[in-house]
Number of protein chains: 2
Amino acid sequence: MSNNNYKFEGWQALGTDSIEGKLEWREYEPKAFAEDDVDIKITHCGVCASDLHTISGGWGAVDYPQVVGHEILGEVVRVGSAVKHVKVGDIAGVGAQNDSCLECGQCKANREPYCDKGQVGTYAGKYYREGPGKGAKSYGGYANYHRAPGHFVVKIPDGLDHAVAAPMLCGGVTVYSPLKQYGAGTTAKDVGIVGIGGLGHFGLLFAKALGANVTAISHSESKKADAEKMGATRFIATHSGKEDDFKPYKRSLDLIVCTTNDVNMPILGYLSLLRPGGNLILVGAPEKPLPSLPAFPFLMNNVHIGGSAIGSPTIIKEMLELAAKQNIKSWIEKRPLEDANQAVVDMHNSKARYRYVLVNTANGGKL
Amino acid sequence: MSNNNYKFEGWQALGTDSIEGKLEWREYEPKAFAEDDVDIKITHCGVCASDLHTISGGWGAVDYPQVVGHEILGEVVRVGSAVKHVKVGDIAGVGAQNDSCLECGQCKANREPYCDKGQVGTYAGKYYREGPGKGAKSYGGYANYHRAPGHFVVKIPDGLDHAVAAPMLCGGVTVYSPLKQYGAGTTAKDVGIVGIGGLGHFGLLFAKALGANVTAISHSESKKADAEKMGATRFIATHSGKEDDFKPYKRSLDLIVCTTNDVNMPILGYLSLLRPGGNLILVGAPEKPLPSLPAFPFLMNNVHIGGSAIGSPTIIKEMLELAAKQNIKSWIEKRPLEDANQAVVDMHNSKARYRYVLVNTANGGKL
């Protein structure tokens, strides 16, 4: 059914200075194929902020070489005998998680990102389940092929543009997952999204799609027009120079999904926007600790800070189906895979509006 | 129906040094009586850590003089014409909240502690609703009489010992309220209580009463035997000197109610005890900010920090009925009201096991 005579090649980070546009195109050895694995011939891969934190080692020491990229989409070219939900020729995607124990309470409850034994990232991870791939490193999607355990491979719904779908696989679901978990549009009617970037723009799109009243929260008003096009009906600029940017909006939100990486974010201001019982959910991961906070605002307002990581295959599937049904479009710029280095540098300089998607034209992707 | 020829006298804090045993017994002018008010002839008043923070000004500048005490219980001696749920001669109690707007969404939802216009504390507050008492200061229960808006006066169920009931009015409900809100015994089967003191001992008693499996979490093992008597079936000593006191108990709790005021509490350790989706709810209010925390543990484990303040009259009523039904006993030491100064000093020195109750024998309270 398939031709397995392909080599795995990708843009490799070899050290911390790779972030300066020094990724190198090289061959690598993927995990040994297991009967529950799937190989994908990559046509599209989104560029995620996590890629940059990993290339640079900003989140911690990295076991170079690495091939980053975890918004992987392409054609299924090989399917293990134990995999039933995709077949050769299907268009399928893989997000930021490549494996987990599949046996613990979290995994059984479709909460694989919180696996008790730990999730294996789509890159910078190490497979630990028993099988031929045990102990191997995981390699991501700035590449021509990707091998992944089938449990984490999701079929892309018909009618959803491939370049639009790719960045939803991590960026999209990272905000969609907490929006769903915390009741956006149902128990949480009024939702705020902090940061209008790669993640934040998905936050606005999906919060609206789920039926919430959406408030965009950003440093300045520079992205106000875009935010309104994405679904925001209210906009709060938090660095206006006014004495208190938050006061007029006190206790007007039920849920805030916070996508910024800025360690100096005005967390107490965000908390003041929440109604009692409300949640401020962090999905961006600053490289340094958050500011020290007093306990009183939590006590007096019954508000919460929490965090959420990516999304399970089940949630990815649900999100993609919603996107197909409501014709939700990621705001993307396509970049040729061969220009991955420049795309990384531009992303690092916050130039993306709002997500880059690397397109592998050699594999049939269309710019 | 009542003899209103009584004077309001109480132990007054006159400055920050009052914490050193310098409260003075003096007369004061309560708020003007309104037709929705109730007067209580006090027989019992619990000693709460909040009293000490207020006497000393530790939580912020204080408008001296103050009469503290907000676990007030006694006989109803005057009832305004608009009050229907208590009558002269009833035994009734007042907790830490004396008033609120009674009109906002929070108040309408029996969430008066989170009133949009702010709660009026039973002491150190200022009444703001329209009426004869508007603008007056509130005075607490280290006194012979207490005047309170009837909405915040709760009838004590028959069969509940008065000295046992008094400290539940603030200390008890401060932990009972989050235990209920976060599903102790239902959605949160495994519950931890940090700190085995005045609040924490109620945490153990009520978590057990609600049907949870209860874990006590304390610095040392010194209170282990007591904690087990209060209902704990597991005990974690967090300063044992072992490399990691938390590791054996990782992800074993659904909810932690944290009663400590220690700003150096090991919050990351506590968070590690939570299952994904779990909540660490602060009810103790340290005078200084919490330690700075990294975002990653929140993201990777989907855990939350929140806070909870006291409890509404509805929740107090529910708690007292549960206490009466299950014969729950506060662990108290009775102290004569005339020795309030010594009780405060002893409480400040953490000598209470686990709650002091001031008894006004002149008003019929029994030591």
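Residues numbered from 1 in each chain as written. Chains lettered and ligands numbered in written order. Predicted model: local features only at pLDDT ≥ 70, side-chain atom pairs only at ≥ 80, totals over all residues. Heavy atoms only, no water.

- As recorded in an unreviewed UniProt entry, chain A goes by the name alcohol dehydrogenase (NADP(+)), listed as coming from Rhodotorula paludigena.
- The record held by UniProt for chain A lists under Subunit (unreviewed entry) the comment "Homodimer."
- According to its UniProt record, chain A has this under Cofactor (unreviewed entry): "Zn(2+)". (UniProt positions renumbered as here; feature names shortened; annotations may be inferred.)

### Concerning the overall build of chain A
Item 1. Looking only at helices and strands, one finds 10 helices and 17 strands in chain A.
Item 2. Relative to the 2.2 N^0.38 estimate, which gives 21 Å for 367 residues, the radius of gyration of chain A is 20 Å and therefore close to what a compact globule would have.
Item 3. Taken over the C-alpha atoms alone, chain A extends approximately 65 × 40 × 40 Å along its principal axes.
Item 4. Taking all 367 residues of chain A together, the buried fraction comes to 60%.
Item 5. Summarising the internal contacts of chain A: among those between residues at least 6 apart in sequence, 68% fall at separations of at least 24. (Helix = DSSP H or I, 4+ residues; strand = E, 2+ residues; numbered from the N terminus. Rg over C-alpha atoms; globule rule 2.2 N^0.38 Å. Buried < 20%, exposed > 50% of the residue type's maximum accessible area, 1.4 Å probe, protein only. Contact = heavy atoms within 4.5 Å.)

### Some details on the domain arrangement of chain A
Residues and elements named next belong to chain A.
Item 1. When the domains of chain A are assigned, the result is domain 1 (9-170 + 311-363) and domain 2 (172-307).
Item 2. For domain 1 and domain 2, the distance between their C-alpha centres works out to 27 Å.
Item 3. With both sides pooled, the region where domain 1 packs onto domain 2 buries about 2,100 Å², and carbon together with sulfur makes up 62% of that total.
Item 4. Counting the contacts that link domain 1 with domain 2 gives 1 salt bridge. (Domains from an automatic or database assignment. Buried area = accessible area lost by both parts, 1.4 Å probe. Salt bridge = Lys/Arg side-chain N within 4 Å of Asp/Glu carboxyl O.)

### Thoughts on the sheet that holds strand β10 (residues 190-194) of chain B
Item 1. Spatially, the 12 strands line up as an open sheet ordered β12(A)-β11(A)-β10(A)-β13(A)-β14(A)-β15(A)-β15(B)-β14(B)-β13(B)-β10(B)-β11(B)-β12(B), and their pairing is mixed. In this open sheet, the two strands that pair with only one neighbour each are β12 (234-237) of chain A together with β12 (234-237) of chain B. Ignoring strand direction, the axes of neighbouring strands in this sheet form an average angle of 20 degrees.
Item 2. Across the sheet, helix α4 (residues 171-181) of chain A is in contact with β10 (190-194), β13 (253-258) and β14 (274-282) of chain A; its angle to β13(A) comes to roughly 160 degrees.
Item 3. The sheet contacts of helix α4 (residues 171-181) of chain B involve β10, β13 (253-258) and β14 (274-282) of chain B, and relative to β13(B) the element is tilted by about 160 degrees. (Pairing = 2+ DSSP bridges. Axes fitted to C-alpha atoms, helices over the stretch in contact; angles between N-to-C directions.)

### As for the interface of chain B and chain A
Item 1. The interface is formed by 41 residues belonging to chain B together with 41 residues belonging to chain A.
Item 2. Taking both sides of the interface into account, the surface hidden between chain B and chain A amounts to around 2,800 Å²; carbon and sulfur atoms contribute 57%.
Item 3. Among the residues chain B hides against chain A, the three largest losses belong to B:Phe296, B:Leu299 and B:Asn302. Together they make up 20% of the total.
Item 4. Linking chain B to chain A there are 2 salt bridges.
Item 5. In this structure, the connection of chain B to chain A is made through 21 residue pairs in polar contact (both at pLDDT 80 or more).
Item 6. For the side of chain B that touches chain A, the secondary-structure elements that each account for two or more residues are β14, α8 (296-301) and β15 (304-307) of chain B.
Item 7. Partitioned by chemical class, the residues of the side of chain B that touches chain A number 24 nonpolar, 13 polar and 4 charged. (Polar contact = N/O pair within 3.5 Å; in protein donor to acceptor, adjacent residues only side chain to side chain. Nonpolar A, V, L, I, M, F, W, Y, C, P; charged D, E, K, R; others polar.)

### Some details on the nonpolar core
Item 1. One finds B:Met168, B:Leu179, B:Val191, B:Leu204, B:Phe206, B:Leu255 and B:Leu320 to be the most contacted residues of the largest nonpolar core, which totals 48 residues.
Item 2. Per-element accounting of this core gives the leading share, 7 residues, to helix α5 (residues 198-209) of chain B.
Item 3. Looking at this core, you find at least three residues from each of domain 1 (9-170 + 311-363) and domain 2 (172-307) of chain B.
Item 4. Ranked by size, the runner-up nonpolar core spans 47 residues in total, among them A:Leu73, A:Tyr176, A:Leu179 and A:Ala188. (Core = buried A, V, L, I, M, F, W, Y, C linked by side-chain atoms within 4.5 Å.)

### Digging into helix α9 (residues 313-326) of chain A
Residues and elements named next belong to chain A.
Item 1. Taking 1.5 Å of rise per residue, the 14 residues of α9 would be expected to cover 20 Å, and the 20 Å separating its terminal C-alpha atoms lies within 8% of that figure.
Item 2. Of the positions making up α9, those classed as buried are Pro313, Ile315, Ile316, Met319, Leu320, Leu322 and Ala323.
Item 3. Along its buried surface, α9 packs onto β9 (153-155), α3 (162-165), α4 and α5 (198-209). (Expected span 1.5 Å × (residues − 1).)

### A few points about the packing of aromatic side chains
All names here are of chain A.
Item 1. Counted under the stated rule, the structure contains 22 aromatic pairs over all chains.
Item 2. Measuring from ring centre to ring centre gives 6.1 Å for Phe202 and Phe206, while their planes differ by 20 degrees; the resulting arrangement is stacked. Residue Phe202 and its partner Phe206 are located together in helix α5, separated by 4 residues, close to a single helical turn. One exposure class covers both Phe202 and Phe206, and it is buried. (Phe/Tyr/Trp six-rings, centres within 6.5 Å; stacked < 30°, edge-to-face > 60°.)

### Examining the packing of α4(B) against helix α9 (residues 313-326) of chain B
Residues and elements named next belong to chain B.
Item 1. Running from N to C, α4 and α9 point in directions that differ by 95 degrees, and their axes come no closer than 10 Å. Classified by the angle their axes make, α4 and α9 are roughly perpendicular. Contact residues: α4 offers Gly172, Val173, Tyr176, Ser177 and Lys180, while α9 offers Ile315, Ile316, Glu318, Met319 and Leu322.
Item 2. Among the residues forming the contact of α4 with α9, the class breakdown is 6 nonpolar, 2 polar and 2 charged. (Parallel < 35°, antiparallel > 145°, perpendicular 65-115°, else oblique.)

### A few points about the pairing of β12(B)
Residues and elements named next belong to chain B.
Item 1. Here strand β11 (residues 213-218) runs beside β12; their pairing, made up of 4 bridges, is parallel. Within the sheet, the bridge partner assigned to Ser218 lies in β12 and is Ala237.
Item 2. The handedness of the β11 to β12 crossover, carried by helix α6 (residues 224-230), is right-handed. (Right-handed = clockwise from strand over helix to strand, strands pointing away.)

### A short note on the packing of helix α1 (residues 49-56) of chain A against helix α10 (residues 340-348) of chain A
All names here are of chain A.
Item 1. Between α1 and α10, the least distance of the axes is 10 Å, while the angle of their chain directions is 100 degrees. As the angle between them shows, α1 and α10 are arranged roughly perpendicular. Note on element contacts: α10 touches α1 through Val344, Met347 and His348, opposite Ala49, Leu52 and Ile55.
Item 2. Here the residues of the contact of α1 with α10 sort into 5 nonpolar, 1 polar and no charged.

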